[in-house]
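Architecture and fold: a report
Residues per chain, in single letters:
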Amino acid sequence: MGPTTGGRTRLSGMQKQVLSLYRGFLRASRSKSPEDRRQIESFVSAEFRRNSKQVDHKNFIYIEYLLRRGKKQLEQLNSPDTVGLSSMNVTFSETENPKN
């Protein structure tokens, strides 16, 4: 983790952004129907958990990309017309070189 203050671990700026985004999704889900809310909370929890395990914690560029994508999804979720979320799997490989 990181340095501790009074028994609590201090979070980096990026960790604070991730937690803020997660809380934003949970707050936004409250404005939806109970069924949609459960589905959204389950989806968001699974996505954040999956990314925390699969994404290299030192790959700041990819984490920033995920934060930007998450913020856009949160904006959409805050729209009264939106009832749920979906996911698109995008994989980046550092060993692959695109051929133009």
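Keep in mind the model is a prediction, meaning the values are calculated, not measured.

The rules we used
Residues numbered from 1 in each chain as written. Predicted model: local features only at pLDDT ≥ 70, side-chain atom pairs only at ≥ 80, totals over all residues. Heavy atoms only, no water. Core = buried A, V, L, I, M, F, W, Y, C linked by side-chain atoms within 4.5 Å. Buried < 20%, exposed > 50% of the residue type's maximum accessible area, 1.4 Å probe, protein only. Helix = DSSP H or I, 4+ residues; strand = E, 2+ residues; numbered from the N terminus. Contact = heavy atoms within 4.5 Å. Phe/Tyr/Trp six-rings, centres within 6.5 Å; stacked < 30°, edge-to-face > 60°. Axes fitted to C-alpha atoms, helices over the stretch in contact; angles between N-to-C directions. Parallel < 35°, antiparallel > 145°, perpendicular 65-115°, else oblique. Left-handed = near helix turned anticlockwise from the far one by under 90°. Nonpolar A, V, L, I, M, F, W, Y, C, P; charged D, E, K, R; others polar.

All right, on to the nonpolar core then. Residues L21, F25, V55, I63, L67, L74 and L77 are the most contacted members of the largest nonpolar core, which totals 13 residues. Of all the secondary-structure elements, those providing two or more residues to this core are α1 (13-29), α2 (34-54) and α3 (60-77). Considering every element that reaches this core, the biggest residue donor is α3, with 6 residues. L74 has contacts with L21, G24, F25 and A28, leaving out every residue within four places of it along the chain.

Moving on to the packing of aromatic side chains. The tally for this structure, following the rule as stated, stands at 3 aromatic pairs. For the pair Y22 and F48, a centre-to-centre distance of 5.0 Å together with 70° between the ring planes defines the contact as edge-to-face. Highlighted residues: Y22 in helix α1 and F48 in helix α2, separated in sequence by 26 residues. By relative accessible area, which is 25% here, Y22 ends up partly exposed. Judged by centre distance (5.8 Å) and plane angle (25°), the rings of Y62 and Y65 are stacked. One end of the pair, Y62, and the other, Y65, are both in helix α3, 3 residues apart, so they sit about a helical turn from each other. Taken together through their ring pairs, the aromatic side chains of Y22, F25 and F48 make up a single cluster.

What follows deals with the packing of α1 against α2. Running from N to C, α1 and α2 cross one another at 165°; their axes reach a closest spacing of 9 Å. Here α1 is positioned roughly antiparallel relative to α2, judged by the angle of their axes. Taken as a pair, α1 and α2 cross one another with a handedness that is right-handed. Where α1 abuts α2, its residues V18, L21, Y22, F25, L26 and S29 lie against R37, I40, E41, V44, S45 and F48. Looking at the contact of α1 with α2 residue by residue, the classes come out as 8 nonpolar, 2 polar and 2 charged.

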